[in-house]
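# Descriptive structure summary
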Amino acid sequence: MEGRIGALGLVLNALVLFDTRCVDAAVAQLCADGFDVRDEDIARPSPFVRHHVNVLGRYSFQLPGLPGG
């Protein structure tokens, strides 16, 4: 059980790091494009609250182009 919790923590930390880097790249691109990015706007997004993270270990893939998909 402790190994599973440790692995989950590692995965969540990696996802938070990935999301943080993506948000940082998006903000940098907005600044490079000349958009006015305020400090208040940067402080609001959280790299942890994402709907694309599946921590249950259950995945469902649908392949509509393949027979039986």
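Scope of this entry: the structure provided in the associated data block. These numbers come from a predicted model, not from an experiment. (Residues numbered from 1 in each chain as written. Predicted model: local features only at pLDDT ≥ 70, side-chain atom pairs only at ≥ 80, totals over all residues. Heavy atoms only, no water.)

### Points about the overall build of the chain
Within the chain, the regular secondary structure consists of two helices and zero strands. A total of 69 residues make up the chain; the buried ones form 3% of that total. Summing over all exposed atoms, the chain offers an accessible surface of approximately 6,300 Å²; the carbon and sulfur share of this is 61%. (Helix = DSSP H or I, 4+ residues; strand = E, 2+ residues; numbered from the N terminus. Buried < 20%, exposed > 50% of the residue type's maximum accessible area, 1.4 Å probe, protein only. Areas by Shrake-Rupley, 256 points an atom, 1.4 Å probe, with all protein chains shown as cover.)

### Let's talk about the pattern of salt bridges
Side chains that differ in sign of charge can pair as their charged atoms come close. Summed over the entire model, instances satisfying the criterion amount to two salt bridges. R38 serves as the salt-bridge partner of E40, at 3.9 Å between the closest nitrogen and oxygen. The partly exposed category is assigned to R38, whose relative accessible area is 45%. One continuous salt-bridge network, built from bridges that share partners, spans R38, E40 and D41. (Salt bridge = Lys/Arg side-chain N within 4 Å of Asp/Glu carboxyl O.)

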